[in-house]
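Breakdown of the fold
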Amino acid sequence: MAIYPVVMAGGSGTRFWPLSRRNRPKQLLALSGDEPLIVQAAKRVLPLTSFAKTYVVCGKAHAKSIAKLLPKLPKANLLVEPAARNTAPCIGLAAAVVAKKDPRGVLLVLPSDHHIADPEGFRAALATAAKAAESGRLMTIGVKPRHPETGFGYLQQGSAVKGERGVYEVRRFVEKPNLETAQRYLASGDYLWNAGIFVLRADRILEEIKKHLPEAVLPLEKIQAAIGKKNFAQVLAREFPKMPSVSIDVGVMEKAANIAMVPADFGWSDVGSFPALPGVRELDAKGNVVDGQALLVDVQDSVILAGERPLAVVGLKDVVVVDAGDALLVCPKERAQDVRKVVDELARRKLDRFL
């Protein structure tokens, strides 16, 4: 069995402004360690495969930066999307490229901007899923929930799959619930977080895309036919934008049969906004995440990210303060999700230099 990691790196990460910008999105930031999230994502699975079989799918604006961050990634393995089209076309493109040379190759579809506290446990779950995917099953990973989260989709766990240790049927995909529903999911024990991680044989996911997203079939066929030819870039630029902008969950997985999952708990976090950082970074004695030239006096349970100039914070609790050099963010932790509204306002005011 040949394993091909596919690292999806097309997100913008507006909730991490002012650290994240159009040309420096969340996945290019070192939010949970010394290396950018995308570098961690690519290296994390190397014991299962190699850089030669790893693919990264990204937008044009970030291709050069990603190539510099991942110098061992073959140039041909950096797949640059001509337009943003969500995860179904992203995965379809990678599957088409892999299937051209290895139709039964198993894709490990991985978001580029997540944190994994237990890499060995993560790889063990992927290996279990890959073994099941080899027979043609569409596999995903279900993360055991730690609290009633309303910001994630869920997977309802079904019966154990015979002959596949640690593998269970997926009864259904569930969209982000309200708090009451999330609490019920947690209490039931039958629902797991949908982390957006999929393990799929290349030819099988292309079959399912053909069945459930027929408008994507012809563009993908033309793109695949051009792989290795001089006009590949031109064909990709012309055909890729014709595909529908839809997630793999909505476009394919929610409609397909024979879907299973591996339930696991490997310290997963989607690092969705600044308040998530205390869960993936070391804290000081008062529960703060602190970085840079920060001076704290009576500050508790806060995220304080300074730059090279001194940043003093006095007598505050549960706040986010981020100094990016040319822009400063100050907000209560509970309002950190609203940072995207700042990005919208900057765009409205045409202050593009800060975006």
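Predicted model, so just to flag it, every value in this text is computed and none were measured. (Residues numbered from 1 in each chain as written. Predicted model: local features only at pLDDT ≥ 70, side-chain atom pairs only at ≥ 80, totals over all residues. Heavy atoms only, no water.)

Here's the deal with helix H5 (residues 179-188)
- Those residues of H5 that fall on the buried side of the exposure criterion are Thr 181, Ala 182 and Tyr 185. Seen from one end, H5 has its buried residues packed into an arc of 100°, which puts them on one side. Exposed and oriented more than 90 degrees from the buried face of H5 are Glu 180 and Ala 187.
- Buried residues belonging to H5 abut strand S7 (154-160), strand S8 (168-174) and strand S9 (191-201). (Buried < 20%, exposed > 50% of the residue type's maximum accessible area, 1.4 Å probe, protein only. Helix = DSSP H or I, 4+ residues; strand = E, 2+ residues; numbered from the N terminus. Arc of directions from axis to C-beta. Contact = heavy atoms within 4.5 Å.)

Things to note about the sheet that holds strand S12 (residues 289-291)
- Taken together, the four strands give an open sheet; going across it, the order is S12-S14-S16-S17, and neighbouring strands pair in mixed fashion. Both outer strands of the open sheet, S12 and strand S17 (328-332), are each paired with one neighbouring strand and no more. Averaged over neighbouring strand pairs, the angle between their axes works out to 5° when direction is ignored.
- Alignment of strand S16 (residues 319-323) against S17, held across five bridges, turns out to be antiparallel. By the bridge assignment for S17, Val 321 is matched with Val 330. (Pairing = 2+ DSSP bridges. Axes fitted to C-alpha atoms, helices over the stretch in contact; angles between N-to-C directions.)

Regarding the pattern of salt bridges
- In total, this model carries 18 salt bridges according to the counting rule given.
- The residue Glu 208 makes a salt bridge to Lys 211 at a minimum N-O spacing of 4.0 Å. Pair noted here: Glu 208 and Lys 211 are both in helix H6 (residues 202-212), with a separation of three residues, about one helical turn.
- Using a relative accessible area of 5% as the deciding quantity, one classes Glu 208 as buried.
- Here Lys 222 and Glu 239 are joined by a salt bridge, their closest N and O atoms 3.9 Å apart. Of the two residues, Lys 222 is situated in helix H7 (residues 214-226) and Glu 239 in helix H8 (residues 232-239); the sequence distance between them amounts to 17 residues.
- Where salt bridges share partners, they join Arg 204, Glu 207, Glu 208 and Lys 211 into one cluster. (Salt bridge = Lys/Arg side-chain N within 4 Å of Asp/Glu carboxyl O.)

Re the layout of surface pockets
- Of the voids in this model, the second largest pocket is the one considered here, and its volume is about 420 Å³.
- Lining of the second largest pocket is provided by 19 residues; of these, Leu 78, Leu 79, Val 80, Phe 232 and Leu 236 occupy positions nearest its centre.
- Elements with a contribution of two residues or more to the lining of the second largest pocket: strand S3 (78-81), helix H3 (87-101) and H8.
- Among the residues making up the lining of the second largest pocket, the classes are represented as 13 nonpolar, two polar and four charged. (1 Å grid on protein atoms, 1.4 Å probe; cavity = no way out; pocket = protein on both sides within 12 Å on 5 of 7 lines; lining within 4 Å. Points joined across faces, edges and corners; volume = space filled by probe spheres on them. Nonpolar A, V, L, I, M, F, W, Y, C, P; charged D, E, K, R; others polar.)

Re the packing of aromatic side chains
- Counting across every chain of the model gives seven aromatic pairs.
- Their ring planes at 80° and their centres at 5.0 Å tell us that Phe 152 and Trp 193 sit as a pair that is edge-to-face. You can see Phe 152 sitting in the loop between strand S6 (138-143) and S7 and its partner Trp 193 sitting in strand S9, a full 41 residues away along the chain.
- Judged by relative accessible area, which is 12%, Phe 152 ranks as buried.
- When the ring of Tyr 185 is compared with that of Tyr 191, the centres are 3.9 Å apart and the planes differ by 15°; the resulting orientation is stacked.
- Residue Tyr 191 is classed as buried on the basis of its relative accessible area, which comes to 9%.
- Each residue in the set Phe 152, Trp 193 and Trp 268 is aromatic and connected to the rest through ring pairs, giving one cluster. (Phe/Tyr/Trp six-rings, centres within 6.5 Å; stacked < 30°, edge-to-face > 60°.)

Quick word on empty space enclosed by the protein
- What the rule picks out here adds up to one cavity of 30 Å³ or more.
- Considered as a void within the structure, the largest cavity measures approximately 50 Å³ in volume.
- Around the largest cavity, the lining residues are Arg 44, Leu 110, Pro 111, His 114, Ile 116, Phe 122, Ile 197 and Trp 268.

Concerning the nonpolar core
- Grouped together as the largest cluster of nonpolar side chains are 46 residues, with contacts concentrated most on Leu 93, Leu 107, Leu 200, Ile 205, Ile 248 and Met 253.
- Looking at this core, the element that brings in the most residues is H3, giving ten residues.
- Excluding residues that lie within four positions of it along the chain, Ile 205 makes contacts with Ile 91, Ala 95, Leu 107, Leu 200, Ile 248 and Val 252. (Core = buried A, V, L, I, M, F, W, Y, C linked by side-chain atoms within 4.5 Å.)

Re H3
- The end-to-end C-alpha distance of H3 is 22 Å, a good match for the 21 Å that 15 residues give at a rise of 1.5 Å each.
- In terms of residue burial, H3 counts as a mostly covered element, since twelve of its 15 residues are buried.
- All of the buried residues along H3 are Ala 88, Pro 89, Cys 90, Ile 91, Gly 92, Leu 93, Ala 94, Ala 95, Ala 96, Val 97, Val 98 and Ala 99. (Expected span 1.5 Å × (residues − 1).)

Here we look at the side chain of Glu 239
- Residue class for Glu 239 comes out buried when judged on its relative accessible area of 2%.
- Polar contacts involving the side chain of Glu 239 include one to the side chain of Arg 238, which spans 2.9 Å.
- The residues touching Glu 239, leaving out its near neighbours within four places in the chain, are Pro 219, Lys 222 and Ile 223. (Polar contact = N/O pair within 3.5 Å; in protein donor to acceptor, adjacent residues only side chain to side chain.)

Digging into the pairing of strand S4 (residues 106-111)
- Buried residues dominate S4, accounting for six of its six residues.
- Side chains Val 106, Leu 108 and Leu 110 project from S4 onto one buried face, and the interleaved Leu 107, Val 109 and Pro 111 project onto a second face that is buried too.
- Pairing of strand S1 (residues 3-9) with S4 involves six bridges; the strand directions are parallel. Bridge pairing in S4 links Val 6 to Val 109.
- As defined by bridge partners, S4 adjoins S9 across four bridges and the pair is classed as antiparallel. By the bridge assignment, Leu 107 is partnered in S9 with Leu 200.

Don't take any of this as a statement about function, it's just geometry.
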